[in-house]
Amino acid sequence: MKSTLYIAFAATILFSSFTCKKENKIVIHDIKNGETSIDRDSIISFSKQFIGISYLYAGNDPKKGFDCSGYVNYVFKHFNVSVPRSSSGYKNLGPAKKAEDFKIGDVLVFYGYKDKSIIGHVGIICEANGMHSKFIHASSGKAGSVTISDLDSDHYSKRYYKCVDVLPK
């Protein structure tokens with residue numbers, strides 16, 4: 001009986017060393033490399049909870065509303081990932097990824113709606129398929145809320161600037 005309890009206890013300890021969940025922040029430990037990475041599916045699951053939350057200029061609170069960068073910042077902050085609070089902060093952030101390398105959880109960066117010389121919008125890839133990907137974002141447009149859009153739509157493909165990976169390596 002003691003050996004059965006010991007084995008169950010040891011299995012519990014061993015399993016808990018593979019994944020940790022602390023304050024709703026999911027972290028996966030890569031035993032081989034000793035590195036920590038964030039599960040991209042968890043980012044998307046968390047981000048989808050806010051679909052329908054109203055757009056609010058300078059908003060970063062689900063109880064009041066989000067603007068695009070406030071939403072992206074809020075999602076990644078939940079996973080202890082620091083990203084710019086302003087969309088313009090993404091202009092020089094990280095190297096641009098090739099379309100074939102897009103992954104869910106990457107951040108899409110767009111020029112402004114009226115001014116193609118400034119960065120004006122950001123969103124998170126939720127379905128990766130190169131330039132046919134879908135992304136979740138706080139839209140000030142028709143939706144007026146957190147929504148999912150197609151990167152290859154006329155509205156967004158014309159404004160596309162780059163895609164960056166903001167997750168720790």
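Look up: the structure comes first, before these words.
Here is what the cut-offs are and how they apply
Residues numbered from 1 in each chain as written. Predicted model: local features only at pLDDT ≥ 70, side-chain atom pairs only at ≥ 80, totals over all residues. Heavy atoms only, no water. Helix = DSSP H or I, 4+ residues; strand = E, 2+ residues; numbered from the N terminus. Contact = heavy atoms within 4.5 Å. Pairing = 2+ DSSP bridges. Axes fitted to C-alpha atoms, helices over the stretch in contact; angles between N-to-C directions. Buried < 20%, exposed > 50% of the residue type's maximum accessible area, 1.4 Å probe, protein only.

S.K.: Looking at this model, I keep getting lost on the environment of serine 139. Mind explaining?
M.R.: Looking at the secondary structure, you find serine 139 in the loop between strand 8 (134–138) and strand 9 (146–150). Between the C-alpha atom of serine 139 and that of phenylalanine 66, which follows or precedes it by 73 residues, the distance is 8.8 Å. In this structure serine 139 touches Tyr55, Gly144, Ser145, Thr147 and Tyr156, once residues within four positions along its chain are discounted.

S.K.: Quick question: what am I supposed to make of the sheet that holds strand 8 here?
M.R.: Strand pairing within a sheet occurs via backbone hydrogen bonds; the two strands may be parallel or antiparallel. The sheet built from 5 strands is open, its strands ordered 9-8-7-6-10 with antiparallel pairing. With partners counted over all chains shown, the strands left at the sheet margins are strand 9 and strand 10 (160–164), one partner each. Here the average twist between neighbouring strands, direction ignored, is 35°. Pairing of strand 7 (residues 119–127) with strand 8 involves 3 bridges; the strand directions are antiparallel. Bridged to glutamate 127 within strand 8 is lysine 134. On the sheet, helix 2 (residues 40–48) packs against strand 7, strand 8 and strand 9 and is oriented at approximately 115° with respect to strand 7. Across the sheet, helix 3 (residues 68–78) lies against strand 6 (107–111), strand 7, strand 8 and strand 9, angled at about 45° from strand 7, the strand it touches most.

S.K.: Would you take a moment to explain the environment of isoleucine 53 for this structure?
M.R.: By secondary structure assignment, the location of isoleucine 53 is in the loop between helix 2 and strand 4 (60–61). Taking the C-alpha atoms as reference, isoleucine 53 lies 8.6 Å from glycine 144; in sequence the two are 91 residues apart. With residues near it in sequence (within four places) discarded, isoleucine 53 still touches Pro62, Gly65, Phe66, Ser145 and Val146.

S.K.: Even after reading the chapter, I still don't get the pairing of strand 6, so can you show me in this structure?
M.R.: Taken residue by residue, a regular strand's side chains alternate between the two faces of the sheet. With 4 of 5 residues buried, strand 6 is to be regarded as a mostly interior element. Where strand 6 lies against strand 7, 5 bridges are found, and the strand directions are antiparallel. Considered in strand 7, the bridge of tyrosine 111 is made with isoleucine 119. Two strands pair when backbone bridges link them, and strand 6 and strand 10 are joined in this way by 4 bridges, in the antiparallel orientation. From the neighbouring strand, valine 107 faces strand 10, where its bridge partner is valine 164.

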